[in-house]
Amino acid sequence: MKKNKGYLIIIGGAEDKKGERVILKQVPEMLSKGDILTILTTATEQPEETGNNYYEVFRRLGVEDIQILDINTRDDADDPDICEYIKKSKCLFMTGGDQLRITSILGGTRAYSEIKELYQSGGIIMGTSAGASVMSSTMVVQGNDNEPARKCTLKMAPGLGLFEGVIIDQHFDQRGRFGRLLCGVAENPDVLGIGIDEDTAVKLYPDLHFEIIGSNSVTIIDGKTIQSSNVSELNPNEILAIMGVTVHALPQGYGFYLESRKVMRLKNEK
């Protein structure tokens, strides 16, 4: 797993925007005076409304330098003037919507290269809902909610590859997505499944540990301990059978070391 100088803040969606705003407060806490926050609205089909809503939220939190960037076509994503917005940013925030819009519009473009460079050079990449799913190398784009884990019901596609070796799912407990993430890990046991609840986030540090922030929890499904499963057998509509998988459920106050795959208890939490 590759180390970078930057930070990822990966939000499970429906983050608090009016109360304590624990997750979104990370932005003013991590930015210095003069640092620019860019709100990227590529995922949504209502870019003006969504961008303005987040603009007001971050202004109320005290962020002074904010720009809204709507990259809506691949031509936009290769436009040098548009990409300059990303280059000047310290923090990029990707809104929710449709994760396939993000990858299909940005993939292989100059804007995508600038996003990777921002992260690798010490910037902050944040994303909520669809903007969270795209951060992994492989992302979930379709699967059954609130159903038992069933083989061959999960559709995945390449993500932006900022967070390697994981599959991220969002709105996790609220939409009953344990079964579909379990299928994803069964199909790719070397990959770590990370299911993030609403109003909850994973903050990934450069040393490859992450901490949980927010009011709910993060479910981690580790497939390296799997003893056996029926995922590769015939009868694709069968219920999944899987033995030996490791599952952690972690609220705020806990973290996780990716290299050792060990849970950590944060010292500054009671």
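Positions within a chain are numbered from 1, following the residues in the order the chain's sequence is written. Reporting in this predicted model follows two pLDDT cut-offs: at least 70 for local features of residues, and 80 or more for side-chain atom pairs to be given and counted; totals over whole chains, interfaces and linings ignore these cut-offs and use all residues. Note: side-chain values were computed over all heavy atoms of the structure, leaving out hydrogens and water.

A. Inspection of the environment of Phe172 at higher detail. By the criteria applied, helices consist of DSSP H or I runs no shorter than four residues and strands consist of E runs no shorter than two, each listed in order from the N terminus. Along the polypeptide, Phe172 turns up in the loop between strand E8 (166–170) and helix H8 (178–187). Sequence-distant contacts of Phe172, defined by excluding residues within four places in its chain, comprise Arg177, Phe178, Leu181, Gly195, Ile196, Asp197 and Thr219. Any two residues whose heavy atoms approach within 4.5 Å at even a single point are treated as in contact.

B. Spotlight on the packing of helix H4 (residues 80–87) against helix H6 (residues 110–120). Look at H4 against H6: their axes get within 9 Å of each other, and the N-to-C directions meet at 15°. The angle between the axes of H4 and H6 places the two elements in the roughly parallel class. Viewed along their axes, H4 and H6 form a crossing whose handedness is right-handed. Between H4 and H6, the contacting residues are Pro80, Cys83, Ile86 and Lys87 on the first element and Arg110, Ala111, Glu114 and Ile115 on the second. Note that Gly is not counted as nonpolar here; it falls among the polar residues with everything else outside the nonpolar set of Ala, Val, Leu, Ile, Met, Phe, Trp, Tyr, Cys and Pro and the charged set of Asp, Glu, Lys and Arg. Its residues assigned to classes, the contact of H4 with H6 shows five nonpolar, no polar and three charged. Throughout, an axis means a line fitted to C-alpha atoms (over the contacting stretch in the case of helices), and angles, computed between N-to-C directions, take values from 0 to 180 degrees. Note on terminology: angles under 35 degrees are roughly parallel, angles over 145 are roughly antiparallel, angles of 65 to 115 are roughly perpendicular, and the others are oblique. By convention, the crossing between two helices is left-handed when the near helix turns anticlockwise from the far helix through less than a right angle, and right-handed when the turn is clockwise.

C. Broad picture of the sheet that holds strand E12 (residues 217–222). When DSSP finds two or more bridges between two strands, those strands count as paired. Read across the open sheet, the four strands follow the order E8-E9-E12-E15; overall the sheet is mixed. At either end of the open sheet lies a strand with only one pairing partner, and these are E8 and strand E15 (246–251). Across this sheet, the average inter-strand angle for adjacent strands is 15°, counted without regard to direction. Bridge count between strand E9 (residues 192–196) and E12: five bridges; the pairing is antiparallel. Pairing of Gly195 across the sheet is with Thr219, part of E12. The strands touched by H8 within the sheet are E8, E9, E12 and E15, with E12 carrying the most contacts at an inclination of about 30°.

D. Here's a closer look at the environment of Gly122. Its place among the elements puts Gly122 in the loop between H6 and strand E5 (124–128). Relative accessible area decides the class of each residue, using a 1.4 Å probe on protein chains only: under 20% of the type maximum gives buried, over 50% gives exposed, and in between gives partly exposed. Take Gly122: its relative accessible area is 14%, and that puts it in the buried class. Each C-alpha atom of the pair Gly122 and Cys91 lies 9.6 Å from the other, and the pair is 31 residues apart in sequence. Beyond its immediate chain neighbours, meaning those up to four positions away, Gly122 contacts Lys5, Gly6 and Lys90.

E. Looking closely at unusual backbone geometry. The phi angle at Ala14 is positive, at roughly 50°, despite the residue not being glycine. Mapped onto the fold, Ala14 is located in the loop between strand E1 (7–11) and helix H1 (26–30). What makes Ala14 partly exposed here is its relative accessible area of 44%. We note that Leu208 has phi near 70°; this positive angle belongs to a residue other than glycine. Relative to the elements of secondary structure, Leu208 occurs in the loop between strand E10 (200–204) and strand E11 (209–214).

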